[in-house]
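# Working through the structure, step by step
Chain by chain, the residues:
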Amino acid sequence: MDTRESKTPEEEKQHIINERIPEDYETSKPHLQPEAKQRPGGLYKLLPLVVIIVGVIVVSIIVLGIINRGN
């Protein structure tokens, strides 16, 4: 990483060109990056269950509200 404060116009131009070039498969070497292959840890597996439980609670509140309104 270049930490110099100022760059010559040619260095600045080369830096911008290098930033615009997309990374290709051969230079990125994803097979050497095991963290990229790992599944993310966390509670994301519980999200569908939480959504279903909240849905059941909301529906039951609505149904009970309609039933109690009739009495």
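Residues numbered from 1 in each chain as written. Predicted model: local features only at pLDDT ≥ 70, side-chain atom pairs only at ≥ 80, totals over all residues. Heavy atoms only, no water.

For the protein, the helix and strand inventory stands at four helices and zero strands. Listed by position from the N terminus, the elements making up the protein come as α-α-α-α. Sorting the 71 residues of the protein into buried and exposed places 1% on the buried side. Put simply, the protein shows about 7,100 Å² of open surface, and 63% of that area lies on carbon and sulfur atoms. (Helix = DSSP H or I, 4+ residues; strand = E, 2+ residues; numbered from the N terminus. Buried < 20%, exposed > 50% of the residue type's maximum accessible area, 1.4 Å probe, protein only. Areas by Shrake-Rupley, 256 points an atom, 1.4 Å probe, with all protein chains shown as cover.)

A few words on the UniProt feature "transmembrane region" (unreviewed entry) in the protein. Listed under "transmembrane region" (unreviewed entry) in the UniProt record, and renumbered for this structure, are residues 46–67. For residues 46–67, the end-to-end C-alpha separation is 32 Å, with 95% helix and 0% strand making up the annotated structure. (UniProt positions renumbered as here; feature names shortened; annotations may be inferred.)

Here we come to a nonpolar patch on the surface. A cluster of nonpolar side chains, namely Leu43, Leu46, Leu49, Val50, Ile53, Val54, Ile57, Val58, Ile61, Ile62 and Ile66, defines an oily patch on the protein surface of about 1,000 Å² accessible area. When you line up the elements, Ile62 lands in helix α4 (residues 47–70). (Patch = residues over 30% accessible without salt bridge, like charges linked within 9 Å, V, L, I, M, F, W, Y side chains within 5 Å. Salt bridge = Lys/Arg side-chain N within 4 Å of Asp/Glu carboxyl O.)

A few words now on the confidence of the model for the protein. For the protein, per-residue confidence averages 79 on the pLDDT scale, and 73% of positions sit at 70 or higher. Element-level mean pLDDT values for the protein span from 66 in helix α2 (residues 25–28) up to 90 in α4. (pLDDT = per-residue confidence, 0-100.)

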